[in-house]
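What follows is the residue order along each chain.
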Amino acid sequence: MSKQSQITHWCHEIIRSQAVRGGFYIDTTMGKGNDTRFFCELAGDEGHILAFDIQKEALEATEKLLRDHEIGRKLYEDGSVQLIFGGHEHMDEYAGQETADVICFNFGYLPGGDHQIATQKTTSVEAIKKGLKILKHGGMMSLCIYSGGDTGFEEKDAILEYLRSLPAREYTVIQNTYFNRGNNPPMPVFIFKE
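The present account deals with the structure reproduced in this document. (Residues numbered from 1 in each chain as written. Predicted model: local features only at pLDDT ≥ 70, side-chain atom pairs only at ≥ 80, totals over all residues. Heavy atoms only, no water.)

## Considerations on unusual backbone geometry
For residues that are not glycine, phi is negative in most cases, and the peptide bond is trans in most cases.
Now for step 1: Of note in this structure, Glu98 is not a glycine but carries a positive phi near 55°.
Now for step 2: Residue placement: Glu98 occurs in the loop between strand E3 (81–85) and strand E4 (100–107).
Now for step 3: Classification of Glu98 by relative accessible area gives partly exposed; the value is 41%. (Helix = DSSP H or I, 4+ residues; strand = E, 2+ residues; numbered from the N terminus. Buried < 20%, exposed > 50% of the residue type's maximum accessible area, 1.4 Å probe, protein only.)

The following block contains the structure:
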């Protein structure tokens, strides 16, 4: 698979084309830190980033990645990047309503980590609901939904059912599929708040 067709690369390109620079970004599932580092590039000297995960391994990997990356190191050391050991469903304890420019989710488990530790449908839908309140008008949310295998389909189905209920006058939801790939490929979804 080429880099351009990888879900995370594609999501980054969509975000880069739509997001304001120097804004406030939330990485709800930091994993190995790639989305957090990407947000550092968007943040520049003015922006602010919150990143969440429930695994210490994810926080450690993200901190190392930021320290090895010039702008990430600067933003981390000056406090513009906050790494939070906690679930994404608690993001409203750290961010006010209509404050975030972009919110990013990767559902599933930590790549290379314990497959028994994965996002769950109840907390994931709750996090999306809270995130939509935190998102500014004109902001966007990116969802990478991994399903099948270890994680099953319950979370994906619950997320899509909730997204179908969003009022069209307030949100534009764009669901994408890898149409010619088998084995339950990931699904990128973008939500734009009007």
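The structure having been displayed, the exposition proceeds.
## With respect to helix H2 (residues 34–43)
An α-helix turns once per 3.6 residues; consequently, residues spaced three or four apart project the same way.
Now for step 1: Of all ten residues in H2, seven are buried, a share of seventy percent or more.
Now for step 2: Every buried residue belonging to H2 is among Asp35, Thr36, Phe38, Phe39, Cys40, Leu42 and Ala43, and all of these are buried.
Now for step 3: A positive phi of about 60° marks Gly44, the residue just after H2.

## Considerations on the nonpolar core
Now for step 1: Core analysis: the largest hydrophobic core is formed by 29 residues, its most contacted members being Ile26, Ile128, Leu143 and Leu163.
Now for step 2: Put simply, the parts of the chain that give this core at least two residues each are strand E1 (24–27), strand E2 (48–53), E4, helix H5 (121–134), strand E5 (135–145), helix H6 (154–164) and strand E7 (187–193).
Now for step 3: Considering every element that reaches this core, the biggest residue donor is H5, with five residues. (Core = buried A, V, L, I, M, F, W, Y, C linked by side-chain atoms within 4.5 Å.)

## With respect to the pattern of salt bridges
Now for step 1: One pass over the structure, following the stated rule, counts eleven salt bridges.
Now for step 2: A salt bridge links Arg67 to Glu63; the nearest nitrogen and oxygen atoms lie 3.1 Å apart. With Arg67 and Glu63 both in helix H3 (residues 56–67) and four residues apart, this pair spans about one turn of that helix.
Now for step 3: Look at Arg67 and you get partly exposed, because its relative accessible area is 35%.
Now for step 4: Classification of Glu63 by relative accessible area gives partly exposed; the value is 27%.
Now for step 5: Across the pair Lys74 and Asp78 runs a salt bridge, and its minimum N-O distance is 3.6 Å.
Now for step 6: Asp78 gets classed as partly exposed once you look at its relative accessible area, which sits at 43%.
Now for step 7: Several salt bridges converge on common partners, so that one network encompasses Glu13, Arg16 and Glu41. (Salt bridge = Lys/Arg side-chain N within 4 Å of Asp/Glu carboxyl O.)

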